[in-house]
Amino acid sequence: MAQALKRTPLYELHCELGAKLTEFAGYEMPVQYSLGILGEHQHTRTKAGLFDVSHMGQITLRGSSYQETALALEKAIPMDVLGLKVGRQRYGFLTTDGGGILDDLMFSNREDHIFVVLNAACKDSDIVHLRTLLEPEISIEVIENRALIALQGPASETVLSEFNSQISAMKFMDIETLSIAGAECWISRSGYTGEDGFEISIPSSAAEAITRSILSKQEVEFVGLGARDSLRLEAGLCLYGHDIDEETTPVEASLTWAIQKARRTNGERANGFLGDKIITQQLDMGTYRKRVGFLPQTRAPMREGVEIYETESSKEVIGKITSGGYGPTVGHPVAMGYINSEYEDSNDNLFGELRGKRVPVKIAKLPFVPLNFKR
Amino acid sequence: MKFTEEHEWLRTEGEIVVVGITEHASTQLGDVVFVELPDEGITVSKDDEVVVIESVKAASDILAPLDGEIIEINEALSDEPSKVNEDPMGEAWFFKMKPSDPSQVEDYMTEDEYNKLIS
């Protein structure tokens, strides 16, 4: 028998507000509300969208000091954890022995511990992996009594400031504990849409009430996973299991910006993470393929799995789309995927095979929309 | 008007049959962003894939409901695919065909039968 789907603390609110629900990573999650995917996408880019991301994994890592915890986590991720200042967050990824990506994540320095947010589909295996690597010196606590919501879009700051005036002082990737309607919330100025915004970890018992109050603001609409996908795609952000996985390295995935100097060749703490040999070698020597943006040259969307060829008749597959669809803000189909490195800077028409027909597509710079972070 | 299990509607106008998708189908698809129509003048067999519709969510096909010739396509949908959501039962017809065996139309559901199927 199939396992019962899990629900977030906001499940009943989703139902009440007419969400269309779908299974995602073992959870019953809203794919869209009555506004529809296009409307929710546009609303997030122009005003503010509220997302329930409580299915994501929230964990804390605690050693005898931040330093000890940071050095331990550096065995699992090729990021500079030690150099991260108190109250700051970074994007990172767990690597495999072979240099692939086990999951991507956010981690932050919370002074006496590290707070990590993991993808829903990977969280159980990530936790096992981290326990194996870090215990017993580091204790890992899985936070099961907190919801996680994200408020994204240009109006986010104005909206959230009404609940706590300290919000405005936060910069992109700051994280703080602030009170919202009397509840202790862990708030970071971050998100996964390319817009300014906040991710808010709320005690489950207060989640519905706070979500309702935020939704009651005129600028805010509830947004489902459908628009979350088109928003992150336009912003050039990877979806784990599609654009990155255990078979793709961070260098191939064009995520080298997330590997700080301290962890690279000649850095103070170079190597010392899983897959370091392969990743360091690729950082220094390059890779055979690269993640790039693709801009289809007709109105036909190119979705995951579409193969890329050099010409209308060439036989050799030179790339593959890993995420693609219509970009509502761009007003045109957009996609990302992998291409043989020799074509990485090509300005020529390449061809994607759509239903047996070769359709022109060009390599494009990511992101497809300007990133509106408040740095 | 007749209806198929694939959520198409068929409206007979003399020797010609106009084909579109139902309101129910357009709602299920979500916002339509791309429509690929067949060439005018081609001969098709029942169940051939003749139209591709892409919504923000996914791509789906429309099958030829009858054997016959595609005599006209609704070019306006290529430029304004959102019409499929706005007026699926009217302005957003996909193609007109001349069936080689007009009696095939009678095999399909009445409006009542279709409404039962989707209820």
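Residues numbered from 1 in each chain as written. Chains lettered and ligands numbered in written order. Predicted model: local features only at pLDDT ≥ 70, side-chain atom pairs only at ≥ 80, totals over all residues. Heavy atoms only, no water.

### Here we look at the pairing of strand β10 (residues 175-180) of chain A
Residues and elements named next belong to chain A. Keep this limit in mind: Only strands that DSSP links by at least two bridges are regarded as paired with each other. Runs of H or I in DSSP of at least four residues are treated as helices and runs of E of at least two as strands, each being numbered from the N terminus.
Here six bridges tie β10 to strand β11 (residues 183-188), and the two strands are oriented antiparallel to one another. If you follow Thr177 over to β11, its bridge partner there is Trp186. Joining the antiparallel neighbours β10 and β11 is a turn of two residues, in which Ala181 adopts a positive phi near 50°.

### So, the packing of helix α2 (residues 36-46) of chain A against helix α7 (residues 225-234) of chain A
Residues and elements named next belong to chain A. Inclusion rule: To get an axis, fit a line to the C-alpha atoms, keeping to the stretch in contact for a helix; angles then go from 0 to 180 degrees between the N-to-C directions. Oblique is the label for any angle not covered by the other classes, which are roughly parallel (under 35 degrees), roughly antiparallel (over 145) and roughly perpendicular (65 to 115). It is the rotation of the near helix from the far one that decides the hand of a crossing: anticlockwise by less than a right angle makes it left-handed, clockwise makes it right-handed. Two residues form a contact once any of their heavy atoms are found within 4.5 Å. Classification used: nonpolar for Ala, Val, Leu, Ile, Met, Phe, Trp, Tyr, Cys and Pro, charged for Asp, Glu, Lys and Arg, polar for all others including Gly.
Between α2 and α7, whose axes approach to 8 Å, the crossing angle comes to 50°. Here α2 lies oblique to α7, going by the angle between them. Every pair of crossing elements has a handedness; the one defined by α2 and α7 is right-handed. Counted together, Ile37, Glu40, His41, Thr44 and Arg45 of α2 and Gly226, Ala227, Ser230, Leu231 and Glu234 of α7 form the full contact between these two elements. Partitioning the contact of α2 with α7 into residue classes produces three nonpolar, four polar and three charged.

### Overview of the sheet that holds strand β6 (residues 101-109) of chain A
All names here are of chain A. Across the sheet, which stays open at both edges, the five strands sit in the order β5-β6-β7-β4-β8 with antiparallel pairing between neighbours. Each of the sheet's edge strands pairs with one partner strand only, and the pair in question is β5 (89-95) and β8 (139-142). Neighbour to neighbour, the strand axes of the sheet diverge by 30° on average, direction disregarded. For β5 and β6, the ladder comprises seven bridges, and the chain directions are antiparallel. The residue of β6 that forms the bridge with Thr95 is Ile101. Contacts from helix α3 (residues 66-73) reach β4 (57-62), β6 and β7 (114-118) within the one sheet, and its direction differs from that of β7 by about 35°.

### Details of the pattern of salt bridges
Residue and element names in this part refer to chain A. What counts, and what does not: Whenever a carboxyl oxygen of Asp or Glu lies within 4 Å of a side-chain nitrogen of Lys or Arg, that contact is scored as a salt bridge. Burial classes: relative accessible area under 20% of the type maximum marks a residue as buried, over 50% as exposed, and values in between as partly exposed (1.4 Å probe, protein chains only).
Inspection of the entire model under this criterion finds 29 salt bridges over all chains. For the salt bridge of Arg146 with Glu184, the shortest nitrogen-to-oxygen distance reads 3.3 Å. Taken together, the residues Arg146 in strand β9 (residues 146-152) and Glu184 in strand β11 connect sequence positions 38 residues apart. For Arg146, a relative accessible area of 10% corresponds to the buried category. Bridged by salt links that share partners, the residues Glu74, Asp80, Arg263 and Arg269 form one connected network.

### Things to note about the side chain of Arg291(A)
All names here are of chain A. To keep things clear, this is the line we draw: In this tally, Asp and Glu contribute negative charge and Lys and Arg positive charge; neither His nor the terminal groups of the chain are included. Throughout this description, a polar contact denotes any pair of N or O atoms lying within 3.5 Å of each other; where both atoms belong to protein, one of them has to be capable of donating a hydrogen while the other can accept it, and for residues adjacent in sequence the pair is counted only when both atoms sit in side chains.
Tracing the sequence through the fold places Arg291 in strand β14 (residues 289-296). Buried charge without a salt bridge: Arg291, with Asp243 as the nearest opposite-charge side chain at an N-O distance of 6.1 Å. Within the structure, Arg291 has its side chain in polar contact with the backbone oxygen of Gly236 (distance 3.2 Å). Polar contacts involving the side chain of Arg291 include one to the main-chain carbonyl oxygen of Ala253, which spans 2.7 Å.

### A look at the sheet that holds strand β18 (residues 350-354) of chain A
Residue and element names in this part refer to chain A. If you trace the six strands once around the closed barrel, you get β14-β17-β16-β15-β18-β19, paired in antiparallel fashion. On average, adjacent strands in this sheet sit at an angle of 45° to one another, irrespective of strand direction. Relative to β18, strand β15 (residues 307-309) is paired through two bridges, and the arrangement is antiparallel. Considered in β18, the bridge of Ile308 is made with Gly352.

### Observations regarding the interface of chain B and chain A
The interface of chain B with chain A comprises 16 residues on the first partner and 12 residues on the second. Where Glu54(B) meets Arg303(A), a salt bridge forms, and the shortest distance between an N and an O atom there is 2.7 Å. Where the side of chain B that touches chain A is concerned, the elements lending two or more residues are α1 (23-29), β4 (32-36), β6 (49-55) and α2 (76-79) of chain B.

### Digging into the domain arrangement of chain A
All names here are of chain A. Put simply, the rule is: For every domain, the bounds stem from an assignment made automatically or drawn from a database. As used here, buried area is the combined drop in accessible area, with a 1.4 Å probe, of two parts when they are placed together.
Each assigned domain of chain A is listed with its residue range as follows: domain 1 (11-54 + 145-234) and domain 2 (288-375). Of note, the centres of domain 1 and domain 2, computed from C-alpha atoms alone, are 30 Å apart. Counting residues at the interface gives 17 residues for domain 1 and 20 residues for domain 2. Across the domain 1 to domain 2 interface the summed buried area is about 1600 Å²; carbon plus sulfur atoms make up 58%. Where domain 1 packs against domain 2, one counts one salt bridge. Here Glu157 and Lys374 are joined by a salt bridge, their closest N and O atoms 3.3 Å apart. If you look at where domain 1 meets domain 2, you find 14 residue pairs in polar contact (both at pLDDT 80 or more).

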